[in-house]
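Observations on the three-dimensional arrangement
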2 protein chains.
Amino acid sequence: MKIGFLGPKGSFSHHVAQEAFPADTLVAFENITEVVKAYETGEVDYSVVPVENSIEGSVHETLDYLFHQAAIYAVAEVVQPIQQQLLVTATDKPVEKIFSHPQAIAQGKKYIRQHYPQAKIEITASTAYAARFVAQHPEENYAAIAPKTAASEYDLQIIAEDIQEMDENFTRFWLLGQSISDLPLYPKEKKMTLALTLPDNLPGALYKALATFAWRGIDLTKIESRPLKTALGEYFFIVDINNEKANLVSFAIKELETIGITYKILGNYTVYTISEK
Amino acid sequence: MKIGFLGPKGSFSHHVAQEAFPADTLVAFENITEVVKAYETGEVDYSVVPVENSIEGSVHETLDYLFHQAAIYAVAEVVQPIQQQLLVTATDKPVEKIFSHPQAIAQGKKYIRQHYPQAKIEITASTAYAARFVAQHPEENYAAIAPKTAASEYDLQIIAEDIQEMDENFTRFWLLGQSISDLPLYPKEKKMTLALTLPDNLPGALYKALATFAWRGIDLTKIESRPLKTALGEYFFIVDINNEKANLVSFAIKELETIGITYKILGNYTVYTISEK
């Protein structure tokens, strides 16, 4: 099979694709929209896209595209801890400039200040771009903050491991495609993500929507309002619900419809972790 | 008075500070945390920080800092439409490279593809950085996508106006400091932003929290769950409520407390626009 992921090679999306599909052909795409479109047009069999980071929040490019423009949904979720490494082309050089994505720089700031207080910081579009750029300039005294996958992808040396400050940094990735059940990962729980559009203005309608879940004891693990992009102040709501009791959930969804709340299923999936714990 | 804002000069934060405090001393800070701290330490009298963009969503650095670390809250909100200009040092040169923040690049992509299909795109940390960088290299054929404020700040020429694709792009800015009532802007509505921490796990508690507002007909204009950073899967909730009926709101808040829901006020403010419409 062919699997699309958010590139360049060495990104966290790439790592998730490698772990979920170790024997398949992985194809990098330039941005999230291109990854999703690759599945829509049949160019790949599955697409791997980030959907939420515990620090930065939702990846709106993914959620908005699925809500506004696509007729596909997530069939699996992979939770990837975000651990950052300091990478160089050779360990015997000084580090004068450090490249990375703003979040990785923020996460590694404490380590950098202690160990490389004189280094200049340069921002890149992603951690994997930073690693690729450093690899392309071996004559310079450059370093990148990037994932382990980027070290092996671009043949870089790790001079400092896990330099991120917070341990609670993880990203949720979604697999878009046909239902799949044999991923070589660790299944944890079943969830569903819905986008709700309410019939008239808040608060009554949102309250009723949540009531359909609350009455049935269905756990809500995330809720977020997003602008509908039609008029200022109109929103849709993204909710993540526990889907272990699938029958109860399907009743709740039917009830939503009968009271005039429109829903779109953005995902109906098992949540997997990459390591066992 | 001294007013802190998210720099560098020429940023949208700078423009909001200029409009709200036309006669005061404006001081740029490097990142959001520094802007907030400048108010906390008494270095400035007010701080201007972004809190939400209609496309990118919440600015978590602002909300998380106010929730986790600060004892201050927003006293005014300014809604700033995001309009992007294409800026150069001289209009008689070709444009070979265009610098900007990823969101501004995405917003201007259609225009750039049509008019400068050959130009290379380079990512910067902010639109104002891009403008400053272009101004510092007049010998190069560079352009920046940045706000109008940046053009006057860095003495750049606007070669294309309002090149952003979506009209519904605006950013909410918060003013942190002592209560203030005489801003030279257009007051629209009164709002309050609360961070709610629920006593036990969802869904019952969130449902009850929303009930205290719904029963009183208090409009909820935004809701978002954020990781508490204590354990995976524990959240706090940011809600924006209409505060025109301040008595009803204060009853609702008291009721929250009596049922065991903890709240922190992140903002109690009038929403202002910069132009009249």
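Data block above holds the structure.
Note that residues are indexed from 1 along each chain, following the sequence as it is written. Chains carry letters from A onward and ligands carry numbers from 1 onward, assigned in written order. In keeping with the model being predicted, local features are shown solely for residues with a pLDDT of at least 70 and side-chain atom pairs are shown and tallied solely at 80 or more, while totals for entire chains, interfaces and linings include all residues. Values shown for side chains rest on all heavy atoms present in the structure; no hydrogens or waters enter the calculation.

With seven of nine residues buried, helix α1 (residues 12–20) of chain B is to be regarded as a mostly interior element. Among the residues making up α1 of chain B, those that are buried are Phe12, Ser13, His14, His15, Val16, Ala17 and Ala20 of chain B. To sort residues, take the accessible area from a 1.4 Å probe on protein chains only and compare it with the maximum for the residue type: under 20% means buried, over 50% means exposed, and anything in between is partly exposed. Only DSSP runs of H or I with at least four residues qualify as helices, and only runs of E with at least two residues qualify as strands; both kinds are numbered from the N terminus onward.

Attention now goes to the interface of chain B and chain A. Residue contacts are counted whenever heavy atoms from the two residues lie within 4.5 Å of one another. On the side of chain A, 36 residues touch chain B, which itself brings 36 residues to the contact. Each salt bridge in this description consists of a side-chain nitrogen of Lys or Arg and a carboxyl oxygen of Asp or Glu lying within 4 Å of one another. For the pair chain B and chain A, the number of links is zero salt bridges. Polar contacts, as counted here, are pairs of nitrogen or oxygen atoms within 3.5 Å of one another; within protein the pair requires one atom able to donate a hydrogen and one able to accept it, and residues that are adjacent in sequence qualify only if both atoms are side-chain atoms. Counting the contacts that link chain B with chain A gives six residue pairs in polar contact (both at pLDDT 80 or more). Breaking the side of chain B that touches chain A down by element, the ones donating at least two residues are α7 (204–214), β13 (220–227) and β14 (235–242) of chain B.

This paragraph deals with the sheet that holds strand β9 (residues 142–146) of chain B. Residues and elements named next belong to chain B. The five strands lie next to each other as β8-β7-β9-β6-β10, forming an open sheet whose pairing is mixed. Unpaired on one side and paired on the other, β8 (120–123) and β10 (157–160) mark the two borders of the sheet. Averaged over all adjacent pairs, the angle separating strand axes in this sheet is 35 degrees, with direction ignored. Axis geometry follows a simple rule: fit a line to the C-alpha atoms, using only the stretch in contact for helices, then measure angles between N-to-C directions, giving values from 0 to 180 degrees. The sheet contacts of helix α4 (residues 102–115) involve β6 (85–88), β7 (97–100), β8, β9 and β10, and relative to β8 the element is tilted by about 165 degrees. Most of the contacts of helix α5 (residues 127–136) go to β9, to which it runs at about 155 degrees, and overall it touches β6, β7 and β9. The pairing criterion is simple: DSSP has to find at least two bridges between the two strands.

The subject of this paragraph is the nonpolar core. Here is a general trend for soluble globular proteins: nonpolar side chains tend to be buried in one another's company. If you look at the biggest cluster of nonpolar residues, it comprises 47 residues, and the most contacted ones within it are Leu196, Leu206 and Ile223 of chain A together with Leu196, Leu206 and Ile223 of chain B. Other than its neighbours up to four places away in sequence, Leu206 of chain B contacts Leu210, Leu220 and Ile223 of chain A together with Leu198, Ile223 and Phe237 of chain B. We define a nonpolar core as any set of buried Ala, Val, Leu, Ile, Met, Phe, Trp, Tyr and Cys residues linked to one another through side-chain atoms lying within 4.5 Å.

Now for the sheet that holds strand β10 (residues 157–160) of chain A. Residue and element names in this part refer to chain A. Sheet architecture is open: five strands sit in the order β8-β7-β9-β6-β10, paired in mixed fashion. Both outer strands of the open sheet, β8 (120–123) and β10, are each paired with one neighbouring strand and no more. With direction set aside, neighbouring strand axes in the sheet form an average angle of 35 degrees. Direction of pairing for strand β7 (residues 97–100) relative to strand β9 (residues 142–146): parallel, over a ladder of three bridges. Bridging from a neighbouring strand, Phe99 pairs with Ala144 of β9. Running over the sheet, helix α5 (residues 127–136) touches β6 (85–88), β7 and β9 and is turned about 155 degrees from β9.

A few words now on the relation of the copies chain B and chain A. After a rotation of 180 degrees and a shift along the axis of 0.0 Å, chain B superposes on chain A with an RMSD of 0.0 Å. Classification of the inter-copy transformation places it as that of a two-fold axis. When each C-alpha of chain B is compared by its distance to the rotation axis, Glu224 of chain B comes out closest, at 2.1 Å. The fraction of interface residues of chain B whose copies in chain A are also interface residues reaches 100%, indicating that both copies meet through the same surface. C-alpha atoms of residues with pLDDT of at least 70 in both copies form the basis for the least-squares superposition of the copies.

This part covers the pattern of salt bridges. Under the counting rule described, the total for this entry stands at 18 salt bridges over all chains. Taking the shortest distance from any N to any O, the salt bridge between Glu52 of chain B and Lys222 of chain B comes out at 3.9 Å. A residue pair is termed long-range when its members are at least 10 positions apart, and Glu52 of chain B in strand β3 (residues 46–53) and Lys222 of chain B in strand β13 qualify at 170 residues. Summarising the burial analysis for this pair, Glu52 of chain B and Lys222 of chain B share the class buried. A single salt-bridge network, built from bridges that share partners, covers Glu52, Glu77, Arg172, Lys191, Lys222, Glu224 and Asp240 of chain A.

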